[in-house]
Amino acid sequence: MSGRIRDMRNLGPATERMLAEVDICSPEDLRQLGAVAAYRRLKFRFGRGVSLNALYAMEGALSDRDWREIDRGLKELVDRKEEGSR
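Note that the structure is predicted; figures quoted are calculated from it, not measured. (Residues numbered from 1 in each chain as written. Predicted model: local features only at pLDDT ≥ 70, side-chain atom pairs only at ≥ 80, totals over all residues. Heavy atoms only, no water.)

When its secondary structure is counted, the protein chain shows five helices and zero strands. For the protein chain, the α and β elements follow one another from N to C terminus as α-α-α-α-α. Looking at the protein chain residue by residue over its 86 residues, the buried ones come to 37%. Of all intrachain contacts in the protein chain linking residues separated by at least 6 positions in sequence, the fraction that spans at least 24 positions is 44%. (Helix = DSSP H or I, 4+ residues; strand = E, 2+ residues; numbered from the N terminus. Buried < 20%, exposed > 50% of the residue type's maximum accessible area, 1.4 Å probe, protein only. Contact = heavy atoms within 4.5 Å.)

Right, let's get into the nonpolar core. Ranked by size, the top nonpolar core spans 18 residues in total, and within it Leu11, Leu19, Ile24, Leu30 and Met58 carry the most contacts. Going through the elements one at a time, helix H3 (35-46) and helix H4 (52-62) are the ones with two or more residues in this core. Every residue in contact with Leu11, bar those within four places of it in the chain, is listed here: Ile5, Arg6, Leu30, Ala57, Met58 and Ala61. (Core = buried A, V, L, I, M, F, W, Y, C linked by side-chain atoms within 4.5 Å.)

Applying the stated rule across the entire model yields four salt bridges. In this structure, the salt-bridge partner of Asp7 is Arg4, at a minimum N-O distance of 3.1 Å. Classification of Asp7 by relative accessible area gives exposed; the value is 52%. Residue classification places Arg4 among the partly exposed positions, given a relative accessible area of 42%. In this structure, Glu21 engages Arg45 in a salt bridge whose closest nitrogen and oxygen atoms are separated by 2.7 Å. Separated by 24 residues along the polypeptide, Glu21 in helix H1 (residues 13-21) and Arg45 in helix H3 bring together distant segments of the chain. (Salt bridge = Lys/Arg side-chain N within 4 Å of Asp/Glu carboxyl O.)

Judged by how many residues are buried, H4 sits mostly within the fold: eight of 11 residues are covered. Looking only at H4, the buried set comprises Leu55, Tyr56, Ala57, Met58, Glu59, Gly60, Ala61 and Leu62. Asp64 sits one or two positions beyond H4 and adopts a positive phi of about 55°.

Bringing the packing of H1 against H3 into the picture now. At their nearest, the axes of H1 and H3 sit 9 Å apart, and the two run at 85° to each other. Relative to H3, the element H1 is oriented roughly perpendicular. Residue-level inspection shows Met18, Leu19 and Glu21 of H1 in contact with H3, the latter providing Ala38, Leu42, Arg45 and Phe46. Grouping the constituent residues of the contact of H1 with H3 by class yields five nonpolar, no polar and two charged. (Axes fitted to C-alpha atoms, helices over the stretch in contact; angles between N-to-C directions. Parallel < 35°, antiparallel > 145°, perpendicular 65-115°, else oblique. Nonpolar A, V, L, I, M, F, W, Y, C, P; charged D, E, K, R; others polar.)

Quick look at the packing of H3 against H4 now. Between H3 and H4, the least distance of the axes is 9 Å, while the angle of their chain directions is 145°. Pair H3 / H4 crosses with right-handed handedness. In this structure, H3 uses Ala35, Val36, Ala38, Tyr39 and Leu42 to contact H4, whose residues at the interface are Leu52, Ala54, Leu55, Met58, Glu59 and Leu62. When grouped by side-chain class, the residues that make up the contact of H3 with H4 number 10 nonpolar, no polar and one charged. (Left-handed = near helix turned anticlockwise from the far one by under 90°.)

Structure below.
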């Protein structure tokens, strides 16, 4: 996968800049790391400036779906993964 993070569904220039600050500079970097690990990096770096919506947006970007279309079961799964990492 090539291109820019901002060109992925749900993600824009602000998210792209934030991800670059945590060494996620391409869609391939995000795909290899995964949404949950990327979200953990963002939370560590930016704290309260990052909400769970960022996690859902990245998960949606990786599966090419609108973040609002991520079904409840998937949201609960990524939430559990996030909680388990604390």
